[in-house]
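Single-letter residue listing:
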Amino acid sequence: MRWGVPIAAAAVIAAAVGAGPVIAAVSGEPVLPERTAAQLLADAAAAVKKAGGPPPMSGTVQQTASLGLPALPAQGGTASPLALLSGSHEVKVWYGAQDRLRIALPGQMSETNLIVNGDQTWYWDSGTNTATKVKLPAKSEQDQPLATPSPTDLTPQQVAETFLDRVNEDTGVSVTNTAEVAGRSVYQLVLTPKAQSSLVKEVRLALDGENYVPLQVQVFAKGSAEPAFQVGFTQVTFSPPAEENFAFTPPAGAKVEEKDFGQLREPNADHSKEAEKAAEQVKVVGEGWTSVAVLPFKQDGQAQESREAQAAKLILDQATPVSGAWGSGKMIKTKLVTALLTDDGRLLAGAVTPDELVKVAGQ
């Protein structure tokens, strides 16, 4: 995902809200000047274009999921993808410029760090006491520009763009100007699906009132007062981080390795091919908030001891047997997502009601 709110989003929001201004009623004195949704997104796009990238910043991002699933196991110092479906997880970021970045993922008993400082890149894993120095190719040897990660790759910006892509005539849009996130005044852009079969009640995107950086995304399920999923800063400072945050020297006794960047790219290329192959098999039924993904699914009957396999088993244990004219299978329902595993080898999933999934299964 590119950083910030894309310029095109302003046009999308403008089309969604129509000709009239959309400003939600608020109580108390406004903290920020009033903005319509179209004005807010236009201001945000202009700020991103003018700055040319993220402003220097540092802070702590917390991701919390409360979907109604059992507590799922984490893997080592970082959380596995399945573990992110429950509980809370933190990541700390320091960003000075494109070539000055540090991302830290603290675990229960360890911490992993990615440190980019000019022409030096280190990956530190305190759990294994290993420091890996990544050797980057010379610019003349690069077949394509290197994509340096920014703090927004792991923060609300990525999630915000995902939901902004869904804004259309089936979405109600409003703006409030009295909210606060991480001690900063923010605009809240509230997206409300109109479809009855959607499990999503509303999505709240909080944009910093000064520089329009997304600071928080909250997703509320119908029937719930608390967000079922949220990711946002709990602390943030928009100033250049101290230089020592980007300095790294392997601790005494640590195992020091050096790997060429190409060694790290090869596995990613393999995963990309697998992802492309899998994507070709995915079919999407419907549009927007009620879209359902349908793909082939084969349950592995072999015993697996990995933590992800254990987490998957915990989720499947909550599945409910269902059947109909379409066949039979198991239904998994959370606050925000419903999934159907059919006995004929299909997986259907979407942020929709079970009835909607069964309808798609019959098609």
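The notes below deal with the structure included here.

A few words now on the packing of aromatic side chains. For any pair of aromatic rings, geometry is given as the distance between the ring centres together with the angle between the planes. In this structure the tally under the stated criterion is two aromatic pairs. Taking 5.3 Å as the distance between ring centres and 55° as the angle between the ring planes, the aromatic pair formed by Trp-122 and Phe-248 counts as tilted. With Trp-122 in strand 5 (residues 120–125) and Phe-248 in the loop between strand 11 (229–237) and strand 12 (255–260), this pair connects stretches of sequence that are 126 residues apart. Phe-248 matches Trp-122 in its accessibility class, with the two residues each being buried. Their ring planes at 45° and their centres at 6.0 Å tell us that Trp-124 and Phe-248 sit as a pair that is tilted. Here Trp-124, found in strand 5, pairs with Phe-248, found in the loop between strand 11 and strand 12; they are 124 residues apart in sequence, far enough to count as distant. By relative accessible area, which is 18% here, Phe-248 ends up buried. Pairwise contacts between aromatic rings join Trp-122, Trp-124 and Phe-248 into one cluster. It is Arg-102 that lies over the ring of Trp-94; its NZ or CZ is 4.5 Å from the centre.

With that settled, consider the pattern of salt bridges. Tallied over the full model, the rule gives seven salt bridges. We note a salt bridge from Asp-43 to Arg-35, for which the minimum N-O separation is 2.6 Å. For Asp-43, a relative accessible area of 24% gives the class partly exposed. You can call Arg-35 partly exposed: its relative accessible area is 22%.

Before going further, it helps to spend a moment on the sheet that holds strand 18 (residues 346–350). Pairing is antiparallel across the open sheet formed by six strands, whose spatial order is 13-14-18-17-16-15. The outermost strands of the open sheet, each flanked by one partner alone, are strand 13 (283–285) and strand 15 (320–324). Going across the sheet, the axis of each strand differs from the next one's by a mean of 25°, ignoring polarity. Both strand 15 and strand 16 (residues 327–333) contribute to a ladder of five bridges, which runs antiparallel. Bridge pairing links Gly-324 to Gly-327 in strand 16.

So, about helix 2 (residues 37–51). The terminal C-alpha atoms of helix 2 lie 21 Å apart, and with 15 residues this matches the ideal 21 Å at 1.5 Å per residue to within 8%. Residues of helix 2 that are buried: Ala-37, Leu-40, Leu-41, Ala-44, Ala-45 and Val-48. Down the axis of helix 2, the sector holding all buried residues measures 130°, keeping them to one side. Across helix 2 from its buried face, at more than 90 degrees, point the exposed residues Lys-49 and Lys-50. Two residues or fewer after helix 2 comes Gly-52, characterised by a positive phi angle close to 75°.

Of note, Asn-129 is a non-glycine position whose phi angle comes to about 55°, a positive value. Relative to the helices and strands, Asn-129 resides in the loop between strand 5 and strand 6 (130–135). Accessibility expressed as a relative area gives 30% for Asn-129, which makes it partly exposed. The backbone of Tyr-212 sits at a positive phi, close to 65°, despite the residue not being glycine. For Tyr-212, the location among the structural elements is in the loop between strand 9 (200–208) and strand 10 (214–221). Here Tyr-212 falls in the buried class, since its relative accessible area comes to 13%.

Reading the values: rules and limits
Residues numbered from 1 in each chain as written. Predicted model: local features only at pLDDT ≥ 70, side-chain atom pairs only at ≥ 80, totals over all residues. Heavy atoms only, no water. Phe/Tyr/Trp six-rings, centres within 6.5 Å; stacked < 30°, edge-to-face > 60°. Helix = DSSP H or I, 4+ residues; strand = E, 2+ residues; numbered from the N terminus. Buried < 20%, exposed > 50% of the residue type's maximum accessible area, 1.4 Å probe, protein only. Lys NZ or Arg CZ within 6 Å of the ring centre and 35° of its normal. Salt bridge = Lys/Arg side-chain N within 4 Å of Asp/Glu carboxyl O. Pairing = 2+ DSSP bridges. Axes fitted to C-alpha atoms, helices over the stretch in contact; angles between N-to-C directions. Expected span 1.5 Å × (residues − 1). Arc of directions from axis to C-beta.

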